[in-house]
Structure formats: C-alpha cells, structure tokens
Amino acid sequence: MTRVLSPEEKKDFRVFLQRYQKKSPDKTLELFQLFSENKKVDRSNALAKLYPNDSNLVAYHATRKRLIKQLSEYIFLQQKKEDITNEGQTESLLFVSKYLFDRNADEAGWSFLKQAEELALKTEMFLLLNSIYSYQIEKSMSEFAPDLKLLLKNKERIFELALEEDRANTAQQLIRHQLMQSMTKGQEIDMEKVVSEILTKYKLTETLPEKPRLMYNIISIMRTIALSKKEFYSFEPYIIKLFTTAEKNNIFNKYNHRYKVHLQYMIAHVLYRNKKFTEATYYLKTLFQSLQEFNKSQYFNFYPKYMLLNAAVLNFTGRNAEAIDYLKSILDDKNFLTNKITTLNIYLNLSIYLFQQEQYHSSATAFRNIQHSDTWLSKIMGREWVLKKNIIECISQFELGHSDLVESRLKSIHRNFNDLFQQAIYKRVEVFLLLVKRLNNQPHLASSKAFKEEVDKSFLFIEAEKEDIQAMSFYGWLKSKMENRKYYEVVLELVN
C-alpha cells in the first residue's frame, strides 16, 4: 500500500501517524519508513530492522496490522475529503447518521438520514437511495422515525428505478470491456453499434437521453476509445445528437450540472480535433455560460480546462500570440489551482505555440518548471504525451542548430518508445522521426525534389476533414522546410 502513495501523500501520512502516537507507537512509523524507502524489503529484513535483539514476530505482526489499519483510515479520509460529488456528499450524510444512531442520538441521526434521502432523490442515485430506505426501515422503531408504511411505500416506489440503475452499471462495464478489448487487439469496431446493442439488451435505449449520469459515463468510455484511436470523426455526431436530445428534454439541473459541463467540454474538444473551429467556439461560449450558473459550482474546477481548449482554438485560427498570453495568464493566476494534468498540458501546448512563433529557445525550456522524470510523467500523462514532449524538444533543438542534441534525443526516443512504433497508429510518428534524422544529418536536403518525393511516399493520408490535427501539425513542419516557409503559416493553411 505504501507504494501507491505519492511523495506528498507519504509526507502527509507521517504527520497523520504522529497525531496518533499514543495509539501508534514509534515502531509503526519506523515500519512505514522502511517500506517507503525500500521496495524489496521482506519480512525477515523488516523483523531484523525493527526488533534486532529478540526478533519478536508477534510484535512485528501487531505493528504491521496497525500500519495497514491506519493506512486504510488515512486513504478513506483522503477519499472523503477529495470526493466533492453529490454521491460522495450523500454517502457522508449517511455515514454521519449511522455514527449518531450508534451513539443513541436518534433525533440528529434521523435529521441526517432525511438529508441523505433528499439529496439522493434530487440527484437520482436510486441504488444509494434504496440502501438509505433499507436503513430507514431498520431504524423505524425510533420515536423520531416516519410511519413504517410510508417507508415501505418509498422503498417499493424506487425499487424499479434502483434495478434500472443496476442494469445501467452492468451495461456500462460491458461497453467498457468490449471497446477496450477491441482496442487491445487492434480490431476495427463500430462504437455506436456496440453501445446500441448493449443498451437495447438492458432496456436502456429510451432512457439514455433522460439520465445525465448514465449518458455521461457511456460517452466518457466512448471518448476514451476515440482519443486513443484518433477516431474523432464518427464520435462527433453521436455525442452532439445525444446532448441535443437531452437539452430538449430539459434534464439538466443544479444537481446534475457537472455532467452538462463535462459534455459541453467534450463536444467543444471533439469539434476542435475535427478542425471545426467555428462550431467549437460556439460550444466553448455555451460552456463558459454554464460555468457561471448555480453559484459557479463548477467554475474553479473547470475554468482552466476551458482556457486550455480556448487557447488551442485561438492558436489554430491565426491568433497564436493571444493563445500564448492565455496560457501564461493561467500559470500566473494564483486564484486557479490547476490539477497536475491540466498544468502539464498547459506547459506542453505553450511549448508548441512558442515553437510556432519561432521562439525556439523558449519552447525548448518551457518544461524546466516540471521537475519530474519522463517515467513519472508517463504514469501521470501517459506515454503518448511524453512522446509528444520529446518530439517538440527535439525539433526545437534542430531549429537552434544543436545537431548533436537532436541526434541524442532521437536515439533516446527510439529506445524508449520502440514498442509504441510497432503499433499501426504510431507508424507515422516513426516515419516522421526518421525524416527528422535525415534532415539533421543533411539539412540541405529539405528543398530537394528527392526529399519531397520521399516525404510524399512516406505518409498515407486520409481525407483532410478526417485527418488528425496533431498529425497535420507535425507534417506541417516538414512541409515548411521543403517549401522554405514559416511553419505557423503552413500549419494554418493545412488545418483550415
């Protein structure tokens, strides 16, 4: 368990342990330190370290059980602290009510139990609501309880809805399994057909546009596949159709608002990836309006992501300088606590936009504020993100004339990402890097007829409207070299 904690969490857990020193003797902290610092430690090593004089196995097991118990408590508390969803809030209310009932504070217990019921009803969490009604029936002997007949009627009323939610959960996992399986095997799959067949089997087709959480969960699964396979063209009409139907049905409200915001963001993003910048701008505007609603409940969580996507649209509509200022303003504004993923994406995009402005040194050094290895970044962002980062740094060094650094970086990329290049989706990346290597060794080849023919033969292009915007951007750099034109000018020409 110690290995899953980040360095910050390990530090925080040590403080957590020290607060309970009376309950957790120093040996618990010592054992935690031992497991944290040494990944290969076994029981005999730990025993010798903690109890060198008597090798007290019984005391060691007691200490180990204490550590596991306190780690579990710490993780539980962290999860509760970070869970700001309606489901998390409802579970917290239920947890408090149980705590109060255990201490014979029935009146307060029923007060919290009713609050949990109300929130679960408003947010349509019927499985959780079913558990709440079961607990209410269990506590129906209390003098503060409503009439038992009413409680039984309530439970019966939502039982079918709870069953529907259970079917929805099963359907979601089946959809996830089938789509992920096809991706792992590299098979072509009709995502919409798979989803439609499973929803029909579980009698959910009609209810999908009326259930924001179900709709959001299923679309999120499909989006994961679309992102990994770069298949945005078929994903776009599906999500827009569902969202438009949901809006016509007026299903969005204060309690499911976060699903609406996420869906608007997904639509704006897929339109951007499909190079439909006017439509993407429209959805970004509606997203911004949604962020202002309900006391800006989603504003601080989502505004940096909105800014990041807005900057991308600005960049590909000829407003590169504005895009750079946009991203810098997010990094400089201390009012916005961006998460790791958003912050790292800001640095990556900023590096790209600076490169397009021919600010190569600034582009190459944009990642200096990230004090982490590529291994750590791969765990947080995925290997494709790290590959993009390495490529941007590599061609920045090329533009700066540092051929030795380019050669070194190319070797490193091939060594670390060779397994990715065996996959069909990354073949063009490998081809691009081989062409960069050619130019690094012989820069004068760029404008030659032979090199142009080699580039044309090297890439298999699809229709422009379906071609991935990121693939176009990298090809645009080669094209700018071949035609001796400004890179940003060529990119705009290609994507528009």
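This one's a predicted model, so the numbers in the text were calculated from it and none came from an experiment.

**Looking at the overall build of the chain**
Secondary structure assignment for the chain yields 24 helices and 0 strands. Along the longest, intermediate and shortest principal axes, the C-alpha atoms of the chain span 90 × 70 × 45 Å. Sorting the 496 residues of the chain into buried and exposed places 46% on the buried side. Between the averaged position of the 73 positive side-chain charges in the chain and that of its 61 negative side-chain charges there is a distance of 4 Å.

**A few points about the pattern of salt bridges**
For the structure on display, the rule yields 18 salt bridges. One salt bridge connects E393 with K389, and the closest N-O pair in it is separated by 3.4 Å. Pair noted here: E393 and K389 are both in helix α19 (residues 383-399), with a separation of 4 residues, about one helical turn. For the pair E393 and K389, one class covers both residues: buried. For E483, the salt bridge is made with R485, and the minimal N-O distance between the two is 2.6 Å. Using a relative accessible area of 33% as the deciding quantity, one classes E483 as partly exposed. Through salt bridges with shared partners, a single network forms among K479, E483, R485, E489 and E493.

**Considerations on the packing of aromatic side chains**
Taken as a whole, this structure holds 19 aromatic pairs when the rule is applied. Considering the side-chain rings of F101 and W110, the 6.2 Å spacing of their centres and the 90° angle between planes classify their relative orientation as edge-to-face. Judged by relative accessible area, which is 1%, W110 ranks as buried. Between F355 and Y487, the ring centres sit 5.5 Å apart and the planes meet at 75°, which makes this aromatic pair edge-to-face.

**Notes on the confidence of the model for the chain**
Mean pLDDT over the chain: 85, with 91% of residues reaching 70 or higher. At the low end of the mean pLDDT range in the chain sits helix α4 (residues 57-82), at 73; at the high end sits helix α13 (residues 277-291), at 96.

**A closer look at the nonpolar core**
Most often, soluble globular proteins keep nonpolar side chains buried together rather than apart. Counting residues in each nonpolar core, the largest one holds 110 residues, and the members touching the most others are M215, Y272, F432 and W477. For this core, the element with the most residues is helix α14 (residues 299-315), which contributes 11 residues. Core analysis: the next-biggest nonpolar cluster, separate from the first, contains 19 residues, F101, L128, A145 and I158 among them.

**Some points on the side chain of Q397**
Relative to the assigned elements, Q397 resides in helix α19. Note on Q397: relative accessible area 18%, which makes it buried. When near neighbours in sequence (up to four residues on either side) are disregarded, Q397 contacts A364, H402, L405 and V406.

**Considering α13**
Given 3.6 residues per turn, any residue in an α-helix points the same way as the ones three and four places further on. Look at α13: 21 Å from first C-alpha to last across 15 residues, which is about the 21 Å you get at 1.5 Å a residue. Those residues of α13 that fall on the buried side of the exposure criterion are F277, A280, Y283, L284, T286, L287, S290 and L291. Packed against the buried residues of α13 are α11 (232-248), α12 (257-273), α14, α23 (469-483) and α24 (487-495).

About the thresholds
- Residues numbered from 1 in each chain as written.
- Predicted model: local features only at pLDDT ≥ 70, side-chain atom pairs only at ≥ 80, totals over all residues.
- Heavy atoms only, no water.
- Helix = DSSP H or I, 4+ residues; strand = E, 2+ residues; numbered from the N terminus.
- Buried < 20%, exposed > 50% of the residue type's maximum accessible area, 1.4 Å probe, protein only.
- Lys, Arg positive; Asp, Glu negative; His and termini not counted.
- Charge placed at Lys NZ, Arg CZ, Asp CG, Glu CD.
- Salt bridge = Lys/Arg side-chain N within 4 Å of Asp/Glu carboxyl O.
- Phe/Tyr/Trp six-rings, centres within 6.5 Å; stacked < 30°, edge-to-face > 60°.
- pLDDT = per-residue confidence, 0-100.
- Core = buried A, V, L, I, M, F, W, Y, C linked by side-chain atoms within 4.5 Å.
- Contact = heavy atoms within 4.5 Å.
- Expected span 1.5 Å × (residues − 1).

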